[in-house]
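Residues per chain are reported as follows:
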Number of protein chains: 2
Amino acid sequence: MTTLLLAVPLAWAPLWTTPLSEIAPDLQLRVQGRDQFDPASVDYVLSFRPQPGFLKTLPRLKAVFSLGAGVDGFLADPDYPKAVPLVRFVDRTLSREMAQYVVMHTLIHHRQQRFFDQAQKDAKWRQTIPPRRTEDTRIGILGLGEIGTLAGERLRDLDFPVAGWSQTKKNVKGIESFAGAAELNAFLARTDILVCLLPLTDGTRGILNKKLFAALPADAFVINVARGGHLIESDLIAALDSGHLSGATLDVFQTEPLPEDNPLWKHPKVTVTPHVGAISDPRVAAQYVHDRIVRNERGEKLDNVVDFERGY
Amino acid sequence: MTTLLLAVPLAWAPLWTTPLSEIAPDLQLRVQGRDQFDPASVDYVLSFRPQPGFLKTLPRLKAVFSLGAGVDGFLADPDYPKAVPLVRFVDRTLSREMAQYVVMHTLIHHRQQRFFDQAQKDAKWRQTIPPRRTEDTRIGILGLGEIGTLAGERLRDLDFPVAGWSQTKKNVKGIESFAGAAELNAFLARTDILVCLLPLTDGTRGILNKKLFAALPADAFVINVARGGHLIESDLIAALDSGHLSGATLDVFQTEPLPEDNPLWKHPKVTVTPHVGAISDPRVAAQYVHDRIVRNERGEKLDNVVDFERGY
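Counting from 1, residues in each chain are numbered in the order their sequence is written. Labels follow written order: the first chain is A, the first ligand is 1, and so on. Local features in this predicted model are restricted to residues whose pLDDT is 70 or higher, and side-chain atom pairs enter the listing and the counts only when it is 80 or higher, whereas totals over whole chains, interfaces and linings include all residues. Only heavy atoms go into the side-chain values, all of them from the structure, while hydrogens and water stay out.

Visitor: Help me get a handle on helix 9 (residues 282–297) of chain B, residues and values and all.
Guide: All names here are of chain B. Look at helix 9: 22 Å from first C-alpha to last across 16 residues, which is about the 22 Å you get at 1.5 Å a residue. Within the span of helix 9, buried status applies to Pro282, Ala285, Ala286, Tyr288, Val289, His290, Arg292 and Ile293. Those residues of helix 9 hidden inside the fold are in contact with strand 1 (3–7), helix 1 (13–23), strand 3 (44–47), strand 4 (63–66) and strand 5 (86–87). The residue sitting at the N-terminus of helix 9 and contributing the capping side-chain oxygen is Asp281; that oxygen lies 3.0 Å from the backbone nitrogen of Arg283. We count a stretch as a helix when DSSP gives it H or I for four or more residues in a row; a strand needs E for two or more, and each element gets its number in order from the N terminus. In the segment just after helix 9, Gly299 is the residue with positive phi, at about 90°. The span expected for a helix works out to 1.5 Å for each residue beyond the first. Classification of residues uses two cut-offs on accessible area relative to the type maximum, computed with a 1.4 Å probe and protein chains only: under 20% is buried, over 50% is exposed, and between them is partly exposed. Contacts are assigned to residue pairs with any non-hydrogen atoms lying within 4.5 Å of each other. Polar contacts, as used here, are pairs of N or O atoms within 3.5 Å; protein pairs need one atom able to donate a hydrogen and one able to accept it. Residues neighboring in sequence count only if both atoms are side-chain atoms.

What follows is the structure in structure tokens.
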């Protein structure tokens, strides 16, 4: 019988074992830290941030599945057995959740909802016209993959001018494409609201830094919904406090949970959310993993396999 | 020379006279309350809520233009000279502003942003999964005209199931259409987030009342961005306090500005915004009015003319 090992924090396990038992009764399911298992019996692993060195102890491993869209938790393992395909979770519901988050926080900023929240607290009727028209509010999406493209399309459909920056040129209707290091500054110079949806790789770690912020126009706004490792938090605070940036919405942090004494919690120009941009739906993910195990066992090719050179 | 009279509160006048002078230098512009004018010289009026009885004093009046999408401010005048066409402001930028507002407040509710706002205030990392999946969160739009359709399409594209209710059946891709009084209850029974975008007419005044709220499923949420006259405020507060409704976002009120002692300001389940769902862009509106005056002077037919029987 084909064996799938679930390697996640034990508190999360029930969320995943329930749909997996329903959707994949043909698999033998083992939970790391709960069940006994022979390492030589494990065919597949479903995980998010496995202990470094663990995956290489599984001699029969045929593929590894990521619980989320980002795979930096696997690439951080120097002993990851690179002959074993690593499959990203690419799913419309996940991309759509992230697009909702990006659209909501773009609008909260653009439509001055924080100003109206304060007016309500004060029980004051304070009408104001948005300082910038929608047509003049340029969205820039760092990372124009499945998720970045969907978020960009939804904002484009609300009449924002949208551009994306990625490693290679993309062709998405109504979205201007900038590619590679040579075009980063031109992309930043035309961006009023910057949304980071990049994969975390050696090339993108710390990309949201003081040099990048300085290349944005005055009053630009930053949304980071990718990984905490993209952002130099102290550089962001400096750019907000100098008045160059008008604000930021952050869903991911260097240290998660964000420590109570981190100044971002109380910064008047920052919205903090607790890494909820998009949570994989366990039922959808269980179906995704099961479909691919069935196909792989039949000898068919796996899709959404990570390119280790590229890092995503 | 053709004369256009601007009849708005004097404080608003400069917002409109500047673009009108630029875009319509061929018109003689007069401002009610600021300029002297002969009533018999007025060809056109641009207004929002004219004094009852005033329009009938203008013997040469050829058409009246509304500054906004709603025309209840004109229909409230029992002496409105009904032989004179009343033209609504129908414009993509106005519809788009309203769609943004509806999308933003739908997402703030659906994605529990108020819960995360409170968690940030407490500097607490409180992760939670949305209680209802997007696929199971049914949006219902009361009023499926230009604005309601655009808002519905934008929510449909974020994977919400969307239905609309209107006087006559509508055919919009991916949006279920309910029509007339006979289908109102079926529409309400399948609606988790109700958005009111109706015109205010004798048939819709007070439609958001206790009977309607009772026909919504438990935990439904209400967004009113149409007119304060649609809502019985005390019925809403009762339905929130009984726990039947989970919350409401209101942009319009019985009395505007909303008085400081109105309990809606401080209600923990209510978001109040000061009638900012969509503000007509004066440049766009000036162009719209000028285009139509030129066409009318040429003897061409006016569009977006109000049907006084229907009330919009």
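Visitor: Kindly report on the nonpolar core, identifying the contributing residues and their values.
Guide: As used in this record, nonpolar core signifies buried Ala, Val, Leu, Ile, Met, Phe, Trp, Tyr and Cys residues forming a set joined through side-chain atoms within 4.5 Å. By size, the foremost hydrophobic cluster in this structure holds 107 residues, and its most contacted members are Leu4, Leu46 and Leu197 of chain A together with Leu4, Leu46 and Leu197 of chain B. When residues no more than four places from it in sequence are discounted, the contact partners of Leu4 of chain B are Leu20, Leu27, Gln28, Leu29, Arg30, Tyr44, Val45, Leu46, Val289 and Ile293 of chain B.

Visitor: Could you give me a rundown of unusual backbone geometry, with the residues and numbers involved?
Guide: Note the cis peptide between Glu256 of chain A and Pro257 of chain A, where omega equals -10°. Relative to the assigned elements, Pro257 of chain A resides in the loop between strand 11 (245–250) and strand 12 (270–272). The phi dihedral of Asn304 of chain A falls on the positive side, at around 55°, and the residue is not glycine. Turning to its location among the elements, Asn304 of chain A is positioned in the segment after helix 9 (282–297). Look at His275 of chain B: it is not a glycine, yet its phi comes out positive at around 55°. For His275 of chain B, the position within the fold is in the loop between strand 12 (270–272) and helix 9.

Visitor: Any chance you could break down the relation of the copies chain B and chain A for me, citing the residues and the numbers?
Guide: To superpose the copies, least squares is applied to the C-alpha atoms of every residue with a pLDDT of at least 70 in both. With an RMSD of 0.0 Å, the fit of chain B onto chain A corresponds to turning through 180° and sliding 0.0 Å along the axis. The transformation relating the two chain copies, once decomposed into turn and shift, fits a two-fold axis. Among all residues of chain B, the one whose C-alpha sits closest to the rotation axis is Met104 of chain B, at a distance of 2.6 Å. Here 100% of the contact residues of chain B are again contact residues in chain A; the copies associate through an equivalent surface.

Visitor: So what's going on with the side chain of His230 of chain B? Residues and values would help.
Guide: All names here are of chain B. Assignment of secondary structure puts His230 in the loop between strand 10 (220–224) and helix 8 (233–241). A polar side-chain atom of His230 sits 3.5 Å from the main-chain carbonyl oxygen of Leu198. Separated by 3.3 Å, the side chains of His230 and Thr204 make a polar contact. Every residue in contact with His230, bar those within four places of it in the chain, is listed here: Cys196, Leu198, Pro199, Leu200, Thr204, Gly206, Ile207, Leu208 and Asn224.

Visitor: Tell me what's going on with the side chain of Thr201 of chain A, and back it up with residues and numbers.
Guide: Residue and element names in this part refer to chain A. In this structure, Thr201 sits in the loop between strand 9 (193–196) and helix 7 (210–215). Judged by relative accessible area, which is 12%, Thr201 ranks as buried. Apart from the residues within four sequence positions on either side, Thr201 is in contact with Arg310, Gly311 and Tyr312.

Visitor: How would you sum up the interface of chain B and chain A? Please name residues and give values.
Guide: Of the residues lining the interface, 57 residues belong to chain B; the matching set on chain A comes to 57 residues. Taken together, both faces of the contact between chain B and chain A bury some 4800 Å²; the carbon and sulfur share is 55%. Using a 1.4 Å probe, buried area is obtained as the accessible area two parts lose upon being combined, added over both of them. It is Arg111, Gln120 and Trp125 of chain B that lose the most area in chain B upon contact with chain A, and together they represent 17% of the buried surface on that side. A carboxyl oxygen of Asp or Glu within 4 Å of a side-chain nitrogen of Lys or Arg is what we treat as a salt bridge. Where chain B meets chain A, there are 14 salt bridges. Two residues, Asp159 of chain B and Arg92 of chain A, come together in a salt bridge whose shortest N-O distance is 2.4 Å. At the boundary of chain B with chain A, the tally comes to 42 residue pairs in polar contact (both at pLDDT 80 or more). Broken down by secondary-structure element, the contributors of at least two residues to the side of chain B that touches chain A are helix 3 (92–110), helix 4 (113–121) and strand 12 of chain B. At 13 residues, helix 3 of chain B tops the list of elements feeding residues into the side of chain B that touches chain A.

Visitor: So what's going on with the environment of Pro130 of chain A? Which residues, and what values?
Guide: All names here are of chain A. The residue Pro130 is located in the loop between helix 4 (113–121) and strand 6 (139–142) in this model. Through-space distance from the C-alpha of Pro130 to that of His110 is 7.1 Å; in sequence the pair is 20 residues apart. Excluding residues within four positions of it along the chain, Pro130 makes contact with His110 and Gln112.

Visitor: I'd love a proper account of the sheet that holds strand 6 of chain A, names of residues and values included.
Guide: All names here are of chain A. When DSSP finds at least two bridges between two strands, those strands are taken to pair. Spatially, the seven strands line up as an open sheet ordered 8-7-6-9-10-11-12, and their pairing is parallel. On the outer flanks of this sheet lie strand 8 (175–179) and strand 12, each paired with one strand and no other. The average undirected angle you get between the axes of adjacent strands in this sheet is 15°. The sheet contact formed by strand 6 and strand 7 (residues 162–166) spans four bridges and is parallel. If you follow Gly140 over to strand 7, its bridge partner there is Ala163. Think of each axis as a best-fit line through the C-alpha atoms, taken over the contacting stretch in the case of a helix, with angles from 0 to 180 degrees between the N-to-C directions.

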